[in-house]
Amino acid sequence: EVATQSCKDSFFHESDVFGYKRASVDKYTEEVVDKRTYKFQVDVQMETTPESALYPETETTFSVYVVYEDNQWLVDKFTTD
């Protein structure tokens with residue numbers, strides 16, 4: 001598993017994740033939210049789907065929340081905060 005079920009249901013689609021066909025991280029910062037949650041702010045180069053709100057942009061910054069659940073670290077959500 002790489003993501004919580006809630007994250008999969010909300011952000012994973014047949015041909016994209018969060019509107020991106022692909023993305024590569026250029027740089028990131030890490031913030032401890034609490035002992036079971038981390039927030040990573042990432043700068044990415046990406047290819048978006050035509051349906052994405054960011055189409056046809058090729059770079060952006062967003063946050064990835066990672067939580068400790070069921071004895072493993074899982075991606076929980078993506079945000080633009």
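Residues numbered from 1 in each chain as written. Predicted model: local features only at pLDDT ≥ 70, side-chain atom pairs only at ≥ 80, totals over all residues. Heavy atoms only, no water.

Asker: How should the environment of Tyr68 be read in this particular structure?
Answerer: Among the structural elements, Tyr68 can be located in strand E3 (residues 59–69). The class for Tyr68 is partly exposed, based on a relative accessible area of 28%. Apart from the residues within four sequence positions on either side, Tyr68 is in contact with Arg36 and Trp73. (Helix = DSSP H or I, 4+ residues; strand = E, 2+ residues; numbered from the N terminus. Buried < 20%, exposed > 50% of the residue type's maximum accessible area, 1.4 Å probe, protein only. Contact = heavy atoms within 4.5 Å.)

Asker: What is the right way to look at the sheet that holds E3 in this model?
Answerer: Sheets are built from strands paired through backbone hydrogen bonds, the pairs being either parallel or antiparallel. The 4 strands lie next to each other as E1-E2-E3-E4, forming an open sheet whose pairing is antiparallel. Edge positions in the sheet fall to strand E1 (20–34) and strand E4 (72–79), since each has one partner strand and no second. Recorded for the sheet is a direction-independent mean angle of 30° between the axes of neighbouring strands. Pairing of E1 with strand E2 (residues 37–48) involves 12 bridges; the strand directions are antiparallel. If you follow Ser24 over to E2, its bridge partner there is Gln45. (Pairing = 2+ DSSP bridges. Axes fitted to C-alpha atoms, helices over the stretch in contact; angles between N-to-C directions.)

Asker: Would you mind showing me how to read the pattern of salt bridges here?
Answerer: Side chains bearing opposite charge may pair, as long as their charged atoms lie close to each other. Under the definition given, this model contains 4 salt bridges. For Lys21, the salt bridge identified is with Glu47, shortest N-O distance 3.6 Å. Taken as a pair, Lys21 in strand E1 and Glu47 in strand E2 lie far apart in primary sequence, 26 residues in all. Overall, Lys21 belongs to the partly exposed group, its relative accessible area being 47%. With a relative accessible area of 34%, Glu47 lands in the partly exposed category. Several salt bridges share partner residues, and in doing so they unite Lys21, Arg22 and Glu47 into one network. (Salt bridge = Lys/Arg side-chain N within 4 Å of Asp/Glu carboxyl O.)

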